[in-house]
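These are the residues of each chain, in order.
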Amino acid sequence: MYALTRCGVCRRPRIADLSSKESACPYCGCVQKTQDLPRYFQSSDQNAVREALSQATGFVPPDEVRKKERVAAADPYSTMVYRYEHCSDLDEKMQILAEGLTAIKGTFTLDDVREIAGERAEKMVAAMLDRCIISEVRIGVYRA
Ligand SMILES: [Zn+2]
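Attention in this report is confined to the structure presented alongside it.

Each value, and the rule that gives it
Residues numbered from 1 in each chain as written. Predicted model: local features only at pLDDT ≥ 70, side-chain atom pairs only at ≥ 80, totals over all residues. Heavy atoms only, no water. Core = buried A, V, L, I, M, F, W, Y, C linked by side-chain atoms within 4.5 Å. Buried < 20%, exposed > 50% of the residue type's maximum accessible area, 1.4 Å probe, protein only. Helix = DSSP H or I, 4+ residues; strand = E, 2+ residues; numbered from the N terminus. Contact = heavy atoms within 4.5 Å. Pairing = 2+ DSSP bridges. Axes fitted to C-alpha atoms, helices over the stretch in contact; angles between N-to-C directions. Parallel < 35°, antiparallel > 145°, perpendicular 65-115°, else oblique. Left-handed = near helix turned anticlockwise from the far one by under 90°. Donors = N, O, S within 2.8 Å, 3.2 Å for Na, K, Ca; no water.

In terms of nonpolar packing, the biggest core is built from 21 residues, with L97, V113, M128 and I134 touching the most fellow members. Elements represented by at least two residues in this core include exactly α2 (62–85), α3 (90–105), α4 (110–117) and α5 (121–130). Apart from residues no more than four positions distant in its own chain, M128 is found in contact with M94, A98, V113, I133 and I134.

This is how it looks when you write it as structure tokens:
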């Protein structure tokens, strides 16, 4: 049996294995008797207890994480757009786009390029592929 409990010393929610007599807090190292620990939820399925723990510790749903990443990426993104717009050399523009988008997004699509390059996006992607600045990792998905 596993239980969702809370450390008596640092008060952090954690999981305790009820089959052992004592349980040590992974955060502060404090050892408590398992029987003395409060049990907010218990199950023989460790995954179910983990699930309960992630809810207790304010688990952030993937959508929220992505939103945060987008905010964090806003800066490098606008920096890249600025560099792109203030660069007159086409080869360099493509390099900035390819490396910038790959660094920020991992991979990118024609739509991502279009947001920055507008109507030239299609030609630019074709030219970038031509010059081996980018490669197509899946259909319509590129990276530098
Ligand atoms: Zn603790």
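There is more to say after this.
Take the pairing of strand β6 (residues 135–138) next. Judged from the 3 bridges that link them, β6 and strand β7 (residues 141–143) form a sheet pairing that is antiparallel. Along β7, the bridge assignment pairs R138 with V141. From the end of β6 to the start of β7, which pair antiparallel, there are 2 residues, and G140 there has a positive phi angle of about 80 degrees.

In this section: the packing of α4 against α5. Contact pair α4 / α5: the axes reach a minimum separation of 8 Å and the direction vectors enclose 120 degrees. Viewed along their axes, α4 and α5 adopt a mutual orientation that is oblique. α4 and α5 meet at a crossing whose hand is right-handed. Contacts between α4 and α5 pair L110, V113, R114 and A117 from the former with A121, E122, M124, V125 and M128 from the latter.

Here we come to the coordination of the zinc ion. Taken together, the protein ligands of the zinc ion are C7 (SG), C10 (SG), C25 (SG) and C28 (SG), with distances of 2.2 to 2.4 Å. You can call C10 partly exposed: its relative accessible area is 25%. Residue classification places C25 among the buried positions, given a relative accessible area of 4%.

In this section: the environment of A52. Inspection of the secondary structure puts A52 in helix α1 (residues 46–56). For A52, a relative accessible area of 16% puts it in the buried group. Distance in space between the C-alpha atoms of A52 and R14 is 9.8 Å, their sequence separation being 38 residues. Once residues within four sequence positions are removed from consideration, A52 is found in contact with L4 and F41.

The sheet built from 3 strands is open, its strands ordered β2-β1-β5 with antiparallel pairing. Whereas interior strands pair on both sides, the edge strands pair on one side only; in this sheet they are β2 (13–17) and β5 (41–43). Pairwise comparison of adjacent strand axes, ignoring direction, gives a mean angle of 30 degrees for this sheet. Relative to β5, strand β1 (residues 2–6) runs antiparallel, the two sharing 3 bridges. Among the inter-strand pairings, Y2 is bridged to a residue of β5, identified as S43. In the packing of α1 onto the sheet, contacts are made with β1, β2 and β5, and the angle to β1 comes to roughly 20 degrees.

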